[in-house]
Amino acid sequence: MSQFKLLSIALLAACSPVFAQSVVYDLPKNKLTAEITHLTIVGDLARDRKQPEIAYQAYMLLANKTRDPRYAELAYKVAVADNKPQSAIDAAVVLKQLAPNAVLGQDLVNQVKISNAYALIDKQQYRPAYNAALEMLKQDPKNVAALSLLTSVADSLGYDDESLQAAETWLKLEPENPEALNSLGYFLANKNMRLTEAEQLINKANTIKPNTPYIMDSMGWVAYRQGRLSDALPLLKQAVIMEPHEDVLTHLGEVLWQSGVHEAAIKTFQTAFQTNAYSQNLRDTLERLGIALSLVNIKKGK
């Protein structure tokens, strides 16, 4: 996730009703020491004098020393006003540690967790991404971003029931969300189950968000699962033109192979391999079709 996106989330949070929401914190019983007084004055003066870095450091020191969440809240607000998303995240994390009932900045923190989890998935580190999804859902069972994440990563780990439950829960929460519709539809199609329902879900997603590569891929894939190869091919070919992702290429390669167009299928698998040589989906597909990996394992440009 880009720094610009993180900053946008922070600014939106700062302008939302949640930012101004009054939360009653359980405050520690601290004696007013000279150090606390000094740091408070430094922080307040620096904030008034438009010296945000000094103010932020003072408030963060106070938060860690006193364990008072109000200082972490001040640090968060200073960081947001100063357009410093990472500092805002750090302050929000400390605030949540000090006050579990805090809501300020949690949307930003959750977005970062989701982004980090998907980065782990890209590295095929599914277990920590799965644990991150469970942790977020434990805090908020209706966190749709975490449900989306769990749908994907549980599937990658082979937890089909858990993935299906997450996808269905997500769709119940957002029945008109094309991402949720496509996610459940694709899962069903990929598992070769409830295919009529899968087609309906994916078609609805396409109606809401037409000409989207991954939805078009799902349309082609469910058509293939239903045995409609002639319908699947043009959809998958168009999806590949729009977004040549290795999974879409793998789907197209399989449909070409099952259609008897073996030479074109091998070339498509080769392109998928060049795109991502570590794709588990590609390797599983080749094994299922009885195609040797050596046939697609070629150097780029060969």
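All values derive from a computational prediction rather than experimental measurement. (Residues numbered from 1 in each chain as written. Predicted model: local features only at pLDDT ≥ 70, side-chain atom pairs only at ≥ 80, totals over all residues. Heavy atoms only, no water.)

As for the overall build of the protein
Phase 1 of the analysis: Helix and strand counts for the protein come out as 17 helices and 0 strands.
Phase 2 of the analysis: Put simply, the protein has 302 residues, and 42% of those count as buried.
Phase 3 of the analysis: Put simply, of all contacts in the protein between residues at least 6 apart along the chain, 51% involve residues at least 24 apart.
Phase 4 of the analysis: Surface accessibility of the protein: about 16,000 Å² in total, with carbon and sulfur atoms responsible for 53%. (Helix = DSSP H or I, 4+ residues; strand = E, 2+ residues; numbered from the N terminus. Buried < 20%, exposed > 50% of the residue type's maximum accessible area, 1.4 Å probe, protein only. Contact = heavy atoms within 4.5 Å. Areas by Shrake-Rupley, 256 points an atom, 1.4 Å probe, with all protein chains shown as cover.)

Brief notes about the pattern of salt bridges
Two side chains carrying opposite charge are able to pair once their charged atoms lie near each other.
Phase 1 of the analysis: Here the structure, examined in full by the defined rule, presents 15 salt bridges.
Phase 2 of the analysis: Across the pair E53 and K84 runs a salt bridge whose closest N-O atoms are separated by 3.4 Å. Of this pair, E53 sits in helix α4 (residues 52–66) while K84 is found in the loop between α5 (69–81) and α6 (85–98), placing the two residues 31 residues apart along the sequence.
Phase 3 of the analysis: Residue E53 is classed as exposed on the basis of its relative accessible area, which comes to 55%.
Phase 4 of the analysis: Note on K84: relative accessible area 32%, which makes it partly exposed.
Phase 5 of the analysis: A salt bridge links E179 to K209, with the shortest nitrogen-to-oxygen separation between them at 2.7 Å. Note that E179 is positioned in helix α11 (residues 178–190) and K209 in the loop between α12 (195–208) and α13 (213–225), a separation of 30 residues in sequence.
Phase 6 of the analysis: Judged by relative accessible area, E179 falls into the partly exposed class, the value being 27%.
Phase 7 of the analysis: Each member of the salt-bridge network shares a partner with another, and the members are E53, D82 and K84. (Salt bridge = Lys/Arg side-chain N within 4 Å of Asp/Glu carboxyl O.)

Topic: the packing of helix α9 (residues 144–156) against helix α10 (residues 160–173)
Between two packed helices, both the angle of their axes relative to each other and the distance between the axes serve to describe the pair.
Phase 1 of the analysis: α10 packs onto α9 with a crossing angle of 155° between their chain directions and a minimal axis gap of 8 Å. For the element pair α9 / α10, the angle class is roughly antiparallel. Where α9 crosses over α10, the handedness of that crossing is left-handed. Of α10, the residues touching α9 (which contributes V144, L147, S148, L150, T151, A154 and D155) are D160, E162, S163, A166, A167, T169, W170 and L173.
Phase 2 of the analysis: A breakdown of the residues in the contact of α9 with α10 according to their chemical character gives 8 nonpolar, 4 polar and 3 charged. (Axes fitted to C-alpha atoms, helices over the stretch in contact; angles between N-to-C directions. Parallel < 35°, antiparallel > 145°, perpendicular 65-115°, else oblique. Left-handed = near helix turned anticlockwise from the far one by under 90°. Nonpolar A, V, L, I, M, F, W, Y, C, P; charged D, E, K, R; others polar.)

Re unusual backbone geometry
Phase 1 of the analysis: Residues other than glycine seldom take positive phi values, yet N192 does so here, at roughly 60°.
Phase 2 of the analysis: A relative accessible area of 45% places N192 in the partly exposed class.
Phase 3 of the analysis: Non-glycine residue R194 carries a positive phi angle of around 45°.
Phase 4 of the analysis: Judged by its relative accessible area of 35%, R194 falls in the partly exposed class.

Some remarks on the layout of surface pockets
Phase 1 of the analysis: One number sums up the size of the largest pocket: a volume of about 1,700 Å³.
Phase 2 of the analysis: Secondary-structure elements contributing two or more residues to the lining of the largest pocket are α7 (106–122), α9, α10, α11, α13, α15 (246–258) and α17 (280–289).
Phase 3 of the analysis: Split by residue class, the lining of the largest pocket holds 11 nonpolar, 17 polar and 12 charged. (1 Å grid on protein atoms, 1.4 Å probe; cavity = no way out; pocket = protein on both sides within 12 Å on 5 of 7 lines; lining within 4 Å. Points joined across faces, edges and corners; volume = space filled by probe spheres on them.)

Thoughts on the confidence of the model for the protein
Phase 1 of the analysis: Residue-level pLDDT values for the protein average 85, and 88% of them are 70 or greater.
Phase 2 of the analysis: In this model, residues 1–21 is a region of pLDDT below 50 whose contacts with residues beyond four sequence positions or in other chains number 29 contacts. (pLDDT = per-residue confidence, 0-100.)

Observations regarding the nonpolar core
Phase 1 of the analysis: Counting 58 residues, the largest nonpolar core has L149, L150, L184, L188, V255, F269 and I291 as its most contacted members.
Phase 2 of the analysis: Here this core gets 7 residues from one element, more than from any other, and that element is α13.
Phase 3 of the analysis: Contacts of F269, omitting those with residues within four sequence positions, involve T250, G253, E254, L282, T285, L286, L289, I291 and V296. (Core = buried A, V, L, I, M, F, W, Y, C linked by side-chain atoms within 4.5 Å.)

Things to note about the packing of aromatic side chains
Phase 1 of the analysis: Applying the stated criterion across every chain, the model contains 2 aromatic pairs.
Phase 2 of the analysis: Where Y130 meets Y159, the ring centres are 5.3 Å apart and the plane angle is 70°; that geometry is what we call edge-to-face. Taken together, the positions of Y130 in helix α8 (residues 126–139) and Y159 in the loop between α9 and α10 put the pair 29 residues apart, joining distant regions of the chain.
Phase 3 of the analysis: For Y159, a relative accessible area of 27% gives the class partly exposed. (Phe/Tyr/Trp six-rings, centres within 6.5 Å; stacked < 30°, edge-to-face > 60°.)

With respect to the environment of P244
Phase 1 of the analysis: Looking at the secondary structure, you find P244 in the loop between α14 (229–242) and α15.
Phase 2 of the analysis: As for P244 and T271, which are separated by 27 residues in sequence, their C-alpha atoms are 8.9 Å apart.
Phase 3 of the analysis: Residue contacts for P244: discarding those within four places in its chain leaves L249 and T275.

Here's the deal with the environment of N211
Phase 1 of the analysis: Positionally, N211 belongs in the loop between α12 and α13.
Phase 2 of the analysis: We classify N211 as exposed; its relative accessible area is 60%.
Phase 3 of the analysis: Along the sequence, N211 and M242 sit 31 residues apart, while their C-alpha atoms lie 9.0 Å from each other.

Brief notes about the side chain of E246
Phase 1 of the analysis: Among the structural elements, E246 can be located in helix α15.
Phase 2 of the analysis: Of the polar contacts made by the side chain of E246, one reaches the side chain of N276; its length is 3.0 Å.
Phase 3 of the analysis: Not counting chain neighbours up to four residues away, the residues in contact with E246 comprise A272, T275, N276 and S279. (Polar contact = N/O pair within 3.5 Å; in protein donor to acceptor, adjacent residues only side chain to side chain.)

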